[in-house]
Amino acid sequence: MDFAPVELTPEQQAFQREVRAFLDEIVTEEVHEHERRTGDGFDERVHLALGSRGWLFPTWPVEHGGAGLDDVCARILALELARRRVPYVTSGTTGGVWPAVERYGAPDLVAELRPQVATGRVRFCLGYSDPESGSDIAASHTRAVRDGDEWVINGSKMWTTGAHNCQYTFLITRTDPEAPKHKGLTMILVPLDSPGVEIQAIHTYGGERTNAVYYSDVHVADRYRLGEVNGGWAVLRGPLDEEHGDGRGNGLDDLSIGVGYTREFQRAIDAAARWAKRTSRPDGTLVADDPVFLDRLGRLVVETEAADATPGPMGRNKASLSFIAGIAELVDLVGPEALIAHGGEGAVDGGAIDYAHRFAQGTATYGGTTDVFKNIIAQHVLGLPRLRLPGDKQLVR
Amino acid sequence: MERFELRLQDFSLDDDQQAVREGFGDFFTKEVPSSRVRDAEPLGFDADLWQRLVAMGATSMALPEAAGGDDATLVDLVLVAEELGKVVAPVPLVSHVVASRLLARAGGAAELLTAAAGGERIVTLALQPVVGSNRQLVPDAAVSRDVLAWSADGLALHTLAEPAAHVPNQGSTPLAWFDPAAGERTVLASGPEAEALFRAAVAEWKLLTAAALVGLADSALNLGVEFAKSRRTLGVSIGSLQGVAFPLADVVTEIAGARNLTYKAAWYASHEPGARPDLPLAAFVQAAHAATESAWVSAHTQGGLGFTVEADISLFFLRAKGWSVLGGDPGADRRQVAAALLASV
Ligand SMILES: Cc1cc2nc3c(=O)[nH]c(=O)nc-3n(C[C@H](O)[C@H](O)[C@H](O)COP(=O)(O)OP(=O)(O)OC[C@H]3O[C@@H](n4cnc5c(N)ncnc54)[C@H](O)[C@@H]3O)c2cc1C
């Protein structure tokens, strides 16, 4: 057990200064404005700038396009990126998919893509969720049929976040509709500029943009297949397990896989705390002096402390669910000002609470819903028996 | 607060800490079957168990070497308290250890300290500042004749001829009314430093109680989970139903966070005292909540049986509140946690 400040070597201190100076330069107000406008979770200029330093895959060796950073420097970088709220969705999906490409892709494909993901020119998105089955990923119906050296893909995916900024989607397809559900799936890295791919925007009230992607007779060369034909489930598990996390760190990384959610919550809480110190109620009393306000705010602070200390799949649920419950309470505490958006007159800390209240809601859905996580916790943490359902092993509509 | 500080985030136990946990875990599991908890009711004190715990070194380990201790840290104590909570052991360890440490820091008499380290004299602490002659309920005062209390003129040791009369209570704890006028009163220290010592001791009490509540919550949950695995309805195990499983999953989530928060709070209190005075209070709030949730959810999972005195969950349900309430309304702690945040933004 250790929570001590990390002592930096002179080189690490220099690196920290370098990171800060570089990010101050590239993460401008315009970047945040772009993010508020598009909800892309991605900024190409920033992404390429990070890639030019090897900071998209910072621990990769330099000859692979990384920066060869040690764990401490990687952590320095991660903290500075988080502090500046650098858009992270597409860099996250790219980083999450890469291990599956590296492990299951043909060597020439890996050799071709590695330098390009490192510079940031190539990005990956996740093509898991079918319109009919988000939670039940293995029930995917999007069809891929072999045609000589190619696959012909027909179907559609919902929620392919970042597709409009990516070069490939990590697509789960049905290659054998007769086989048991998990045994008829194949993963294909589909080039998104292929004829027959159509990307349509979907907007959330969290401000995010995601996409519906339609596939009509899309021809993809077999070299983009990852892993065995009908062996896609094993290929997909890799990034999924990464996304769900195992709760074990190197002693430097945050314990909770939901830390990104909790940080947004804390940002709103801090905004409310500053607001309370400068705001008087109509009767002239300072909000910060109101014991009822403090009691209720304190409860939210405790929730964030608990969330940050919660490991494994539980950490994600705690982060999402405490955020959703708590941000509603925070809005009540601050009142109508809380819901004034960025740029509006009287917006609290640039609309931090307004944003957090909207953003929080999606956190319980993407990456696997909190209910799916409760199933995981019940079975794998508590050892409770699994309910047998008709669709466990078979494809049933 | 600096939210992006570069600090280690290592919640794991090292070998020594693991040994403390296992040593005391084995001790408590072996010594304290639920029948022993029942036998100690309504006072909630088992003198023989206390002797054995003293022999394990629990009362002396966290005292300074000069006072006959081993300089164990609050992290070690948190591990012991958690194991104690798992079996809801009827011993006043938390109050006694906290009060002994305070006594050592405030320059208490060597003779009393030695007796406290050896467990022969049980000491306790009045958690609320004394105002005038107002009495207050003090944890474990029914088995202790040495009560430390803070008032405007300083930190005082009140020594009574006999422990005060036990007040039977829902949690079967050795609770008693403390009358500041009773017994012999010696002021040990005064001024802001003494007050800081008192406040730190209250925070320590809350931290160790938080750890005990984590252990309590953990065992309560296990009773519910085991029941859910074997009980059946409509041809399936009830634990496979999400209406049963999900509340249990929520509870284990609350407990996991509470446990790690007590660790983190204990680490800060040992290594950087003063840096995060809000953490022990946050841990207490979270642990009290987790214990309350766990006990009710587990009892409910067990249907009508969970509402009977025969069911062991009754022991945990009654103590979840019976122990946590001794620390006062968590609302007061929440206000302090918020005040710490306001001071830092
Ligand atoms: C903003 C956003 C971005 C996303 N980005 C991506 C992406 O990049 N790539 C991608 O592939 N997907 C993405 N998703 C999809 C996301 O993973 C799914 O929405 C999610 O898995 C839920 O699937 P669904 O929407 O089909 O709901 P359903 O699965 O139909 O679920 C509906 C409700 O039923 C509950 N439920 C379902 N199954 C169970 C069960 N077994 N036990 C208990 N309750 C259950 C769910 O919790 C939910 O409340 C994104 C979604 C959103 C909102």
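Residues numbered from 1 in each chain as written. Chains lettered and ligands numbered in written order. Predicted model: local features only at pLDDT ≥ 70, side-chain atom pairs only at ≥ 80, totals over all residues. Heavy atoms only, no water.

As named in an unreviewed UniProt entry, chain B is Acyl-CoA dehydrogenase, taken from Trujillonella endophytica. As its UniProt record puts it under Sequence similarities (unreviewed entry), chain B is described as follows: "Belongs to the acyl-CoA dehydrogenase family." In its Cofactor (unreviewed entry) section, the UniProt entry covering chain B states "FAD". (UniProt positions renumbered as here; feature names shortened; annotations may be inferred.)

As annotated in an unreviewed UniProt entry, chain A carries the name Acyl-CoA dehydrogenase and comes from Trujillonella endophytica. Checking UniProt for chain A, the heading Sequence similarities (unreviewed entry) contains the comment "Belongs to the acyl-CoA dehydrogenase family." In the Cofactor (unreviewed entry) part of its UniProt record, chain A is described as follows: "FAD".

Engineer: What exactly am I supposed to notice about the sheet that holds strand β4 (residues 154–159) of chain B here?
Structural biologist: Two modes of strand pairing occur in sheets, parallel and antiparallel, and in both the strands are linked by backbone hydrogen bonds. Residue and element names in this part refer to chain B. Taking strand neighbours across the sheet as the criterion, the 4 strands line up as β1-β3-β4-β6 in an open arrangement whose pairing is mixed. The open sheet has two edge strands, β1 (123–125) and β6 (184–189), and neither has a second partner. Here the strands of the sheet are splayed against their neighbours by 30° on average, with no regard to which way each runs. The pairing of strand β3 (residues 146–151) with β4 spans 6 bridges and is classified as antiparallel. By the bridge assignment, V147 is partnered in β4 with H158. Strands β1, β3, β4 and β6 of the sheet are contacted by helix α5 (residues 93–105), whose axis makes an angle of about 90° with β1. (Pairing = 2+ DSSP bridges. Helix = DSSP H or I, 4+ residues; strand = E, 2+ residues; numbered from the N terminus. Axes fitted to C-alpha atoms, helices over the stretch in contact; angles between N-to-C directions. Contact = heavy atoms within 4.5 Å.)

Engineer: Before we go on, may I ask you to explain the packing of aromatic side chains in this structure?
Structural biologist: Given two aromatic rings, one states the distance between the centres and the angle between the planes to describe the pair. All names here are of chain A. Overall, the coordinates contain 21 aromatic pairs over all chains when judged by the stated rule. Taking 6.3 Å as the distance between ring centres and 45° as the angle between the ring planes, the aromatic pair formed by W275 and F293 counts as tilted. Separated by 18 residues along the polypeptide, W275 in helix α8 (residues 259–278) and F293 in helix α9 (residues 291–308) bring together distant segments of the chain. Exposure remark for W275: the relative accessible area of 4% places this residue in the buried category. Aromatic side chains F323 and F359 sit 6.3 Å apart centroid to centroid with 50° between the ring planes, which places their arrangement in the tilted category. With a gap of 36 residues between them, F323 in helix α10 (residues 312–334) and F359 in helix α11 (residues 352–362) connect regions that are remote in the sequence. The class of F323 is buried, set by a relative accessible area of 0%. Ring-pair connections join several aromatic residues into one group, and the members of that group are F57, W60, W98, F124, Y168 and Y224. The aromatic ring of W55 is capped on one face by R53, whose charged end is 5.4 Å from the ring centroid. (Phe/Tyr/Trp six-rings, centres within 6.5 Å; stacked < 30°, edge-to-face > 60°. Buried < 20%, exposed > 50% of the residue type's maximum accessible area, 1.4 Å probe, protein only. Lys NZ or Arg CZ within 6 Å of the ring centre and 35° of its normal.)

Engineer: I keep staring at the interface of chain B and chain A and nothing clicks. Help me out?
Structural biologist: Across the boundary between the two partners, chain B contributes 54 residues, which contact 53 residues of chain A. For the chain B and chain A pair, buried surface summed over both sides reaches about 5,100 Å², with 67% attributable to carbon and sulfur atoms. Taken together, the links from chain B to chain A amount to 8 salt bridges. As a salt-bridge pair, B:E2 and A:R83 come within 3.4 Å of each other at their nearest N and O atoms. Our count for the contact surface shared by chain B and chain A stands at 16 residue pairs in polar contact (both at pLDDT 80 or more). Looking at the side of chain B that touches chain A, the elements that each hand over two or more residues are α7 (192–230), α8 (242–271), α9 (278–301) and α11 (330–344) of chain B. The leading source of residues in the side of chain B that touches chain A is α8(B), at 17 residues. Of the residues in the side of chain B that touches chain A, the class split is 29 nonpolar, 12 polar and 13 charged. (Buried area = accessible area lost by both parts, 1.4 Å probe. Salt bridge = Lys/Arg side-chain N within 4 Å of Asp/Glu carboxyl O. Polar contact = N/O pair within 3.5 Å; in protein donor to acceptor, adjacent residues only side chain to side chain. Nonpolar A, V, L, I, M, F, W, Y, C, P; charged D, E, K, R; others polar.)

Engineer: Please explain the site of the ligand as it appears in this structure.
Structural biologist: In the vicinity of the ligand, 15 residues are found, and the nearest of them are A:S135, A:W159, A:T161, A:T369 and A:D371. Residues close to the ligand are split across chains A and B. The contact in question runs from an oxygen atom of the ligand to an N or O atom on the side chain of A:T369, over 2.7 Å. In isolation the ligand offers 960 Å² of accessible surface; the protein chains occlude 68% of this area. Looking at the shell around the ligand residue by residue, the class counts come to 4 nonpolar, 10 polar and 1 charged. (Near = heavy atom within 4 Å. Areas by Shrake-Rupley, 256 points an atom, 1.4 Å probe, with all protein chains shown as cover.)

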